[in-house]
Amino acid sequence: MTEKRPDAPSADDSGNLTRRNVLALAGGAAVAAGVTAGSVTPAAAAGQPEAVAPSGADTPAPWLGGRPLLCEPYLLDPQQDSVHVVWHTEEHGTGQVLLVGSAVTGMTEQAALDAATGSRGAGSGWRRLAAETTRLSRTREDASSAVPGRTYGGVLDRPVYRHLVRVTGLRAGERTPYRVVSVDHLGRATVTAAYSLAPAVPRRRPVRLLLTSDHQLKAMTPANLEKVAETAGVRLDGVLVAGDLVNVPDRASEWFDSTSGLAFFAGLTGRASRTIAGRTYRGAPLIQHSPIFPAIGNHEVMGRWSDTAGLDAQFNDPQPVEVARRRWQQTRPGGIDEATWVNRNSWDVTTYEEMFPYPRSAEGGPRWWSRTIGDVHVITLFATQIWRSAAPNSRGKFSESGADLNDESRWGYGQFIFEPIKEGSRQYRWLERELASTEARQARYRVVMYHHPGHGLGDNSAPPFTDPVQKITRDPATGAVTAVSYEYPLADDHILRDLEPLFSATGVNLVHNGHSHLWNRFRNADGVNWLETSNVGNSYGAYDVASGASRNLPASPDHIRQGDPGGLVPAVPTIAPLTDAAGKPLPYVSSNDITVFSLLDSAAGVVRSYRFDTRQPDSAVVLFDEFPLA
């Protein structure tokens, strides 16, 4: 890493930024950094944390010249006087250290290395904290991976180490500079630029939150994030990501160093690279300064484990947990316990949970949780399902493939829900208690975040979010299966039937979801706002009378082909809506050229949405919608 430039913005600059300063804040990492091929030290036992102390007498004397980290550090789960800092490397290393304090900004890289590896653990204006290191247990690459300088003939493990530090002793309202120093097995040291961290915003204080989702290595995402930073700065009080961070979660390069220049952490840390209309966008160093609060989308869920099938095939091959459990009971395979076998033969979110171990709840771990961020109480749910094609006679939404009818182990079981959220489920009971809690009731605003749309104009708003009703047709003479079909009763939509009445009864102000890659919003009769602001990297269309497009669904009263399946009228943007060819305002943004982001400003009590036309790189960001939270 190069030393932070003297003309870069200071560690406490929180104002709006020019494009030049956005890139400067990313330090020397504002490139499409990748890890080149080379030797990697033997891996520590997967999933076993180890405290990594500064290098000692038995290790090479550290020297500057290390490779870039797999990603710049990011912030998780600020508390009253603490916050977690996380970074990743491709090897364990001999020293993974965080330097914290007012003096670290002015340190040269050599001074930072000396502080990280010397005998003193603190000095004037700085202190040193050793990381807890854990090898991620499922990160792999395959022939479809795009890794700098490498190719893969099949599915291979790719070692990734997570380094985590909990910084304590912080003061409310104060930002503190920090830097990471990482020393590899050869003694080569990498020193990051100086970033800033802070504890949680005190309760009842106003906050600014970025609302985003569905990055998925899509083309416009770096431009989107760069414009966020130019509009609002990089020091927000939270980055709320409503799922679909990557495409295939066990593929390490999608998180870190894909040669596409679009890896998830690259965009949010200013290391991306995508050129559109002659302008190269890098994203912005957002999560080095602003804590990230993610939710699980369908693209954070892997399907059944395989040592031979490609990662895309594994991702697309989940089965319901109850099906896997039934198969276990029928076969009782030896040499493996039931829980492990069921997990490997149904679906899995381990990589997501290891990337984002916090926030978490006692009941749901990192899958569902709540936090109060200033005057906003945020509740995050695990509400998503496998996406399947609507093509007939395939393993899809509505049927099984004809070739698989006699082999249930190959069935997909329709577009099934991963974690139940319906009334009476474990997650629903937790949500009821959470919405009734003192923390939720005393907050000025209540925001619920999850992936699947409840109200929406996107393709993924239908069929209904419910358990597939399976129908098996058999030959009356032989009993052989001749067809398997699935139906989704609209009256049983778990979000509309169970969650929406609960949100209305408990004063939820905003539901923030993703999944359909467009911008639209709604407000129900009880004042609950529903916002999808996922036209970040691309779009898959809006299905509304204004667009004239219809969803590709079989004819059925349960399948709403145009408009919101929940029956609400979409809101037309209040300030500068896009228009159709006749000049009529459109109630959505659905574009592969125009990217959208939204900011919640609790001081003003509003959510503002902005758009930027990537076809015109010198054009201004346009504020096109603003609505009150209450």
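So, a few notes on the structure that sits alongside this text. Keep in mind that what you see is a predicted model, and the values were worked out from it rather than measured.

What follows is about the sheet that holds strand 19 (residues 292-294). On the basis of which strands lie adjacent, the open sheet formed by 6 strands has the order 19-16-15-28-29-30 and mixed pairing. Two strands close off the open sheet at either side, each with one partner strand: strand 19 and strand 30 (622-628). Mean inter-strand twist for the sheet, computed between neighbouring axes without regard to direction, equals 25 degrees. Where strand 16 (residues 238-241) lies against strand 19, 3 bridges are found, and the strand directions are parallel. The partner of L240 across the bridge, within strand 19, is F293. Lying over the sheet, helix 3 (residues 221-232) contacts strand 15 (208-212), strand 28 (594-601) and strand 29 (606-613), oriented at roughly 40 degrees with respect to strand 28.

Time to look at the packing of aromatic side chains. One pass over the structure, following the stated rule, counts 22 aromatic pairs. Judged by centre distance (6.0 Å) and plane angle (50 degrees), the rings of F503 and W530 are tilted. Pair noted here: F503 is in helix 12 (residues 494-505) and W530 is in strand 27 (residues 529-533), with a separation of 27 residues, a long-range link. Like F503, the residue W530 is buried in the burial classification. Feature note: the residues Y74, W255, F256, F264, F265, Y352 and F356 constitute an aromatic cluster, connected by ring pairs. Between R140 and the ring centre of W305, over which it is positioned, the NZ or CZ distance is 3.8 Å. When the ring centre of F612 is taken as origin, the NZ or CZ atom of K227, which lies over that ring, is 4.5 Å away.

So, about the pattern of salt bridges. For the structure on display, the rule yields 31 salt bridges. With its nearest N and O atoms 2.8 Å apart, the salt bridge here joins D312 to R251. With D312 in helix 6 (residues 311-315) and R251 in the loop between strand 16 and helix 4 (252-255), this pair connects stretches of sequence that are 61 residues apart. Using a relative accessible area of 33% as the deciding quantity, one classes D312 as partly exposed.

With that settled, consider helix 2 (residues 109-117). For helix 2, the set of buried residues is E109, A112, L113, A115, A116 and T117. Residues of helix 2 that are buried sit in contact with strand 2 (63-64), strand 5 (95-100), strand 7 (126-130), strand 12 (176-183) and strand 13 (188-191).

What follows is about the nonpolar core. Among the nonpolar cores identified, the biggest contains 83 residues, and Y74, F265, F356, Y450 and F503 are the most heavily contacted of them. When near neighbours in sequence (up to four residues on either side) are disregarded, Y74 contacts H84, V85, V86, H88, F265, I287, I292, M355 and F356.

Criteria and thresholds
- Residues numbered from 1 in each chain as written.
- Predicted model: local features only at pLDDT ≥ 70, side-chain atom pairs only at ≥ 80, totals over all residues.
- Heavy atoms only, no water.
- Pairing = 2+ DSSP bridges.
- Helix = DSSP H or I, 4+ residues; strand = E, 2+ residues; numbered from the N terminus.
- Axes fitted to C-alpha atoms, helices over the stretch in contact; angles between N-to-C directions.
- Contact = heavy atoms within 4.5 Å.
- Phe/Tyr/Trp six-rings, centres within 6.5 Å; stacked < 30°, edge-to-face > 60°.
- Buried < 20%, exposed > 50% of the residue type's maximum accessible area, 1.4 Å probe, protein only.
- Lys NZ or Arg CZ within 6 Å of the ring centre and 35° of its normal.
- Salt bridge = Lys/Arg side-chain N within 4 Å of Asp/Glu carboxyl O.
- Core = buried A, V, L, I, M, F, W, Y, C linked by side-chain atoms within 4.5 Å.

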